There are 2 protein chains.
Amino acid sequence: MNKKLIISLAFLFLLAGSNSVKAQLIKGPQIDRQNRATFHVYAPGADSVKVINLSDEAAMGAKEYNMTEDTSGNWAVTTKSCRAGFHYYEISVDGFRAADPSAPAYFGWGKWTSGLEVPGDEDFYLPQEVPHGEVHYHWYHSDVTGTYRKCLVYTPPGYEENKSERYPVLYLQHGAGESELAWTMQGKVNFIMDNLLEEGNVKPMIIVMDNGYAARPGSENPGRPYGRDNAFENLVVHELVPMIDASYRTFTDADHRAIAGLSMGAGQALSIGLGHPGLFHWIGAFSGGGRRFDPQTSYGGVFANPQTFNGTYRLLWLGCGYADNGYEHVEAFHQALDKAVIENTWYEGPGSHEWQVWRHHILAFSQLLFR
Amino acid sequence: MNKKLIISLAFLFLLAGSNSVKAQLIKGPQIDRQNRATFHVYAPGADSVKVINLSDEAAMGAKEYNMTEDTSGNWAVTTKSCRAGFHYYEISVDGFRAADPSAPAYFGWGKWTSGLEVPGDEDFYLPQEVPHGEVHYHWYHSDVTGTYRKCLVYTPPGYEENKSERYPVLYLQHGAGESELAWTMQGKVNFIMDNLLEEGNVKPMIIVMDNGYAARPGSENPGRPYGRDNAFENLVVHELVPMIDASYRTFTDADHRAIAGLSMGAGQALSIGLGHPGLFHWIGAFSGGGRRFDPQTSYGGVFANPQTFNGTYRLLWLGCGYADNGYEHVEAFHQALDKAVIENTWYEGPGSHEWQVWRHHILAFSQLLFR
């Protein structure tokens, strides 16, 4: 925020109630027709100001950009052409890394982090002139963690009107360092579903997005997503699923319940989904999971008898971007499943470990669900 | 984020799916029993790092604090005792002002800004072991602005179960530089209502929180909250109210519809509420409104005939904190209304232009509504 804006906002507070107030709210970096982004930062006493691209190099054309200063303390830089999609970035000022004060912030990398949304040819994740579902912020107390938590719940258009209708449920998890907000804020999953529903390409479903970080009271490792104490798994199985089934008009059998996630969430979807065949029959792992895979012993031995597995689960869906650092591991997992005659759906495409890939993953995965 | 965290998060992405992943998520500044806050910032190349208190001096004990550096680029400072409540603040690094990377961010001051939540003796705004209402993120297209917008809608506990029940509606607006998120994120209005309902001290109601910034397509002043073109007023009257009445189980008469707001939102609540006696019969102005008041001509002359006004409106509620820079103006407005024999409810108390005051305002105001 530059001094002019600070002063004008201070005036706003004083002038509240007058008809002459103005406020310039953040708009984010400007992006031109060649998808070059121009960043502006006010840092009058700084020696070095940079834009740090937290995604792969090609996402923003370089891993970092040095900004240049005018005579008034305003720094600016224009990037090379950026790739369509959502890219995390930070501003670095003399070694201090922070979110860009002029841009929207998203919870990622364990904190509020800037995101650059670069437009592309595709509009499947943009809001369209179609009926919109609602995202509910649903608060609950967890006995597992001893804390109040919130999950986000997407209900499709018509949920309020069709009061006798029941819906299948997809539990959808974010990645490491992100939160329950990520699938709507970064992923735009609500718009993706709205658009798919309008085209008749997806079954109406409820989507539950919880926070993948859970720790038992007194735990010294509150950031541990899952581990020996299985806090998150217990929370999902014994608290979240029963609460959702009690609070929303759901179908409550495993044939109408899916679990999926990205990266860390892929690991959670696999371990929780495969660990509870009585709860989940549809599983999606986006850009994660399957390390050190052994078809006889991994995931509690659920794959040891392929016939039993194939007769129980309705969908095991794996996807990864070609440029993802973990691509070869996920691909090897898929190939090992094929070799073990475990039915699975494999999806690969362009992109790295990034939200544009996961938008495509939920687009493809959701259309297969509950059919 | 320090280098160690960046590396560990990078590992998280690579290790997704393993059982050994860890993440340290933000916790905000530490606050001791004397309500002194300790801030930490990593800025290895900086010459000067400060914590900037964006509220009044007493909120955090000083307007700013110089941080001191250890030999590893870690800066820290412990404040004097802070006042209970929510205080906006920023980190300044060599003149660059940004949100604290180690703290939660809230949309305020026209951007994502850090907030320090200092505990106090009161718990009316904290989540308790009571039934929780839901906050709905409701997307809609506005013809007035030509954009997609979202409003937040609080529905009280029992809304989903009591399918034949209808509810009165409070439209509740944020202040300048804030957004539709503020009343839940900063204000905790959902918890305040949950707690009041459990005690039987408030009528169950729906609360609609929209974004007070609206501009017509092509406007060169998108930040203008209201003015000659009355974009926001038109949006509320012709789009928001009808949409809410069509989407939620509301009572649709003015005796069951309130509008209130803080600071800039107080001005909006007054001008929209007083401009539409057929729509709103309950009005709340928190810490704003009433500048250059003339009972004959202000607000379209609605006060010119006190008998008509008093017979039409059910509640005109004004509140302000003693330490608010605008206190004398709001108090003068209240006194002028009294002098003109306009029925109004006056609420004053400790605090400045800050969220702790507005939490008390909604606590007091909401209990009077729809009785």
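Residues numbered from 1 in each chain as written. Chains lettered and ligands numbered in written order. Predicted model: local features only at pLDDT ≥ 70, side-chain atom pairs only at ≥ 80, totals over all residues.

Residue and element names in this part refer to chain B. Reading across from one edge, 1-2-6-5 is the order of the 4 strands in this open sheet, with antiparallel pairing throughout. At either end of the open sheet lies a strand with only one pairing partner, and these are strand 1 (30–31) and strand 5 (68–69). The sheet contact formed by strand 2 (residues 36–42) and strand 6 (residues 74–81) spans 6 bridges and is antiparallel. Note that in strand 6 the partner of H40 across the bridge is A76. (Pairing = 2+ DSSP bridges. Helix = DSSP H or I, 4+ residues; strand = E, 2+ residues; numbered from the N terminus.)

Let's shift gears to helix 9 (residues 327–339) of chain A. It helps to recall that an α-helix has 3.6 residues per turn; residues three or four apart then point in one direction. All names here are of chain A. Taking 1.5 Å of rise per residue, 13 residues should cover 18 Å, and helix 9 covers 18 Å from first to last C-alpha, within 8% of that figure. Of all the residues in helix 9, the buried ones are H329, V330, F333, H334 and L337. An end-on view of helix 9 places all buried positions within 140 degrees of arc, on one side of the element. Within helix 9, the exposed residues directed more than 90 degrees away from the buried face are E328, D338 and K339. Residues of helix 9 that are buried in the fold lie against strand 17 (315–321) and strand 18 (345–349). A positive backbone phi angle near 60 degrees is found at V341, which sits one or two residues after helix 9. (Expected span 1.5 Å × (residues − 1). Buried ≥ 20, exposed ≤ 12 C-beta atoms within 10 Å, placed from the backbone. Arc of directions from axis to C-beta. Contact = placed C-beta atoms within 7 Å.)

Here we come to the pairing of strand 16 (residues 282–286) of chain A. Residues and elements named next belong to chain A. For strand 16, the buried fraction is high: 5 of the 5 residues fall into the buried class. The side-chain alternation of strand 16 yields two buried faces, one formed by W282, G284 and F286 and the other by I283 and A285. In this region the chain leaves strand 15 (residues 257–262), passes through helix 6 (residues 264–275) and returns to the parallel neighbour strand 16; the handedness of that crossover is right-handed. Note: strand 16 against strand 17, 5 bridges, orientation parallel. (Right-handed = clockwise from strand over helix to strand, strands pointing away.)

Turning to the pairing of strand 12 (residues 147–155) of chain B, a few remarks are in order. Residues and elements named next belong to chain B. As paired elements, strand 11 (residues 134–142) and strand 12 share 9 bridges and run antiparallel to each other. Pairing of H141 across the sheet is with Y148, part of strand 12. Pairing analysis gives 3 bridges linking strand 12 to strand 14 (residues 206–209), with the strands arranged antiparallel. Within strand 14, the position partnered with V153 by the bridge is V208.

To continue, consider unusual backbone geometry. Residue and element names in this part refer to chain A. For S263, which is not a glycine, the phi torsion comes out positive at approximately 55 degrees. Here S263 shows up in the loop between strand 15 and helix 6. What makes S263 buried here is the crowd of 30 C-beta atoms within 10 Å. Unusually for a residue other than glycine, V341 sits at a positive phi of about 60 degrees. You can see V341 is positioned in the loop between helix 9 and strand 18.

Turning our attention to the confidence of the model for chain A. Residues and elements named next belong to chain A. Mean pLDDT over chain A works out to 91, with 91% of the residues at or above the 70 mark. A low-confidence stretch, residues 1–24 stays under pLDDT 50, and its non-local contacts, those more than four residues away or across chains, total 58 contacts. Complex prediction metrics read pTM 0.91 and ipTM 0.87. (pLDDT = per-residue confidence, 0-100.)

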